[in-house]
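Each chain is listed here by its residues.
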Amino acid sequence: MVKGGRIQGVVWDWGDTLMRDIPGHAGPMVGWPHVEAMPGAAAALRALSGLSVRCVATNATESDGGQVAEALDRVDLRTFLTHFLTSSELGVSKPDPRFFEEVSRVLGVPTGALLAVGNDYQKDIIPAKAVGMITILVSPAEEKIEFPAADLVVPSLHDLPDLLGHLLSG
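Cut-off values and rules
Residues numbered from 1 in each chain as written. Predicted model: local features only at pLDDT ≥ 70, side-chain atom pairs only at ≥ 80, totals over all residues. Heavy atoms only, no water. Helix = DSSP H or I, 4+ residues; strand = E, 2+ residues; numbered from the N terminus. Rg over C-alpha atoms; globule rule 2.2 N^0.38 Å. Buried < 20%, exposed > 50% of the residue type's maximum accessible area, 1.4 Å probe, protein only. Contact = heavy atoms within 4.5 Å. Salt bridge = Lys/Arg side-chain N within 4 Å of Asp/Glu carboxyl O. Right-handed = clockwise from strand over helix to strand, strands pointing away. Pairing = 2+ DSSP bridges. Arc of directions from axis to C-beta. Polar contact = N/O pair within 3.5 Å; in protein donor to acceptor, adjacent residues only side chain to side chain.

Student: Would you explain the overall build of the protein chain in this entry?
Tutor: Across its full length, the protein chain carries 7 helices and 6 strands. When the helices and strands of the protein chain are placed in sequence order, the string is β-α-β-α-β-α-α-β-α-β-β-α-α. By the compact-globule yardstick of 15 Å for 170 residues, the protein chain fits well, its C-alpha radius of gyration being 15 Å. Taken over the C-alpha atoms alone, the protein chain extends approximately 45 × 35 × 30 Å along its principal axes. Within the protein chain, buried positions represent 49% of all 170 residues. Residue pairs in contact within the protein chain that sit at least 24 positions apart in sequence constitute 60% of those at least 6 positions apart.

Student: Explain the environment of valine 30 here, please?
Tutor: You can see valine 30 is positioned in the loop between strand S1 (9-12) and helix H1 (41-47). Other than its neighbours up to four places away in sequence, valine 30 contacts Gln67, Glu70, Ala71 and Arg74.

Student: What is the right way to look at the pattern of salt bridges in this model?
Tutor: Throughout the structure, instances matching the rule amount to 6 salt bridges. The salt bridge partner of arginine 98 is aspartate 96, with a shortest N-O separation of 2.5 Å. Overall, the relative accessible area of 52% leaves arginine 98 in the exposed class. Connected via shared salt-bridge partners are Asp13, Lys94 and Asp124.

Student: For this particular structure, what's the right way to read the pairing of S1?
Tutor: The two faces of a sheet get side chains in turn, since along a regular strand they alternate between them. In S1, alternate side chains face the same way, and those of Gly9 and Val11 on one face and Val10 and Trp12 on the other are all buried. One crossover worth recording links S1 to the parallel strand S2 (residues 53-58) by way of H1, and it is right-handed. Bridge count between S1 and strand S4 (residues 114-118): 4 bridges; the pairing is parallel. For tryptophan 12, the partnering residue across the bridge sits in S4 and is valine 117.

Student: I'm lost on helix H2 (residues 65-73) in this one. Help?
Tutor: Three or four residues apart is the spacing at which side chains of an α-helix point the same way, because the helix has 3.6 residues per turn. Considered for burial, the residues of H2 that qualify are Gly65, Val68, Ala69, Ala71 and Leu72. The arc that holds every buried residue of H2, seen down its axis, measures 160°, which confines them to one face. Where H2 is buried, its residues touch S2, strand S3 (83-86) and helix H3 (87-90). The N-cap of H2, judged by a side-chain oxygen 3.1 Å from the amide nitrogen of glycine 66 a few residues on, is aspartate 64.

And the structure:
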């Protein structure tokens, strides 16, 4: 159960958070000859599948929301998600905090009830926190680095399911 009913949805970054952004590939990811999910993505998505709103929100400029969904379908992740939003469709890009405000508006969920998961502290975490979202940074950094805008820092998506308990339960 969500603590105090606070978290109603999760907003996932796409490139190098859920799907590997493979260098040298051009055009929409759905048309790439090879696509791959990030390690641990399915388990992390499954851990948050009880939330009613599960969204991918990305700065992808060469894919629209439908193409993002199709790319996720190629690695069997689409079924864990309910919404697919891109910066071109939202009219604003990360790291502008208005990106996350617009995501909130489209989803119909207040920013304070959304959990943001991303791999880029500057683009994903700082602007999400600025609008009141709960934030999880996926950062494999070896050295001890402070990320004050991140509510939780995990080295990989493999670690996320076991660490979600204090955010999602009594």
